[in-house]
Amino acid sequence: MLRHIVKRSYSSMGGPGPIPLGNKKKQQEMLEMIRKKQEQDSMSGAGALHDDAPEPLTPEFEGDVNPKTGEVNGPKNEPLKHGDWSFGGRVTDF
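In this text, all values refer to a predicted model and were calculated from it rather than measured experimentally.

Caption draft 1: Summary view of the overall build of the chain. Check the secondary structure of the chain and you find one helix and three strands. Written out in order from the N terminus, the α and β elements of the chain read α-β-β-β. Counting all 94 residues of the chain, 6% fall into the buried class. Counting every atom, the chain has about 8,900 Å² of accessible surface; 56% of that belongs to carbon and sulfur.

Caption draft 2: Here's a closer look at the pattern of salt bridges. Counting across every chain of the model gives two salt bridges. A salt bridge links arginine 35 to glutamate 32; the shortest N-O distance between them is 2.2 Å. Residue arginine 35 and its partner glutamate 32 are located together in helix H1 (residues 24–43), separated by three residues, close to a single helical turn. Note that glutamate 39 and arginine 35 form a salt bridge whose closest N and O atoms lie 2.5 Å from each other. Residue glutamate 39 and its partner arginine 35 are located together in helix H1, separated by four residues, close to a single helical turn. Taken together, the salt bridges that share partners define one network made up of Glu32, Arg35 and Glu39.

Caption draft 3: The arrangement of the side chain of asparagine 66 in detail. Locating asparagine 66 in the fold gives a position in the loop between H1 and strand S1 (80–81). Among residues more than four places away in sequence, those in contact with asparagine 66 are Phe61 and Glu71.

Caption draft 4: Molecular detail of unusual backbone geometry. Positioned with a positive phi, asparagine 73 is a non-glycine residue whose angle comes to about 55 degrees. Its location among the elements puts asparagine 73 in the loop between H1 and S1.

Caption draft 5: Highlighting the confidence of the model for the chain. Chain-level pLDDT for the chain is 75 on average; 68% of the residues reach the 70-or-more range. Across the chain, the secondary-structure element scoring lowest on mean pLDDT is S1, at 66, and the one scoring highest is H1, at 86.

The rules we used
Residues numbered from 1 in each chain as written. Predicted model: local features only at pLDDT ≥ 70, side-chain atom pairs only at ≥ 80, totals over all residues. Heavy atoms only, no water. Helix = DSSP H or I, 4+ residues; strand = E, 2+ residues; numbered from the N terminus. Buried < 20%, exposed > 50% of the residue type's maximum accessible area, 1.4 Å probe, protein only. Areas by Shrake-Rupley, 256 points an atom, 1.4 Å probe, with all protein chains shown as cover. Salt bridge = Lys/Arg side-chain N within 4 Å of Asp/Glu carboxyl O. Contact = heavy atoms within 4.5 Å. pLDDT = per-residue confidence, 0-100.

As structure tokens, this is what we get:
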């Protein structure tokens with residue numbers, strides 16, 4: 001008994017696509033919206049952040065030495081916020 005593996009492609013973009021909606025006009029409209037979004041994303045560049053991504057933190061000082069504490073090679077931002085220590089987005093409260 002042989003089984004055939006079928007790869008379904010509902011999209012004209014060459015890869016697997018969304019499930020068909022049943023209404024051809026709505027299906028074409030959806031595919032056009034997907035194509036426009038992909039073009040918009042490709043024009044924004046490879047290193048660009050997603051629209052929903054949070055803004056990266058700016059360091060509080062330049063160089064390797066913290067001017068307030070004199071600490072060498074320490075964190076560039078104050079890790080103690082709201083009574084919790086945060087490192088790289090992970091928070092602990094001892």
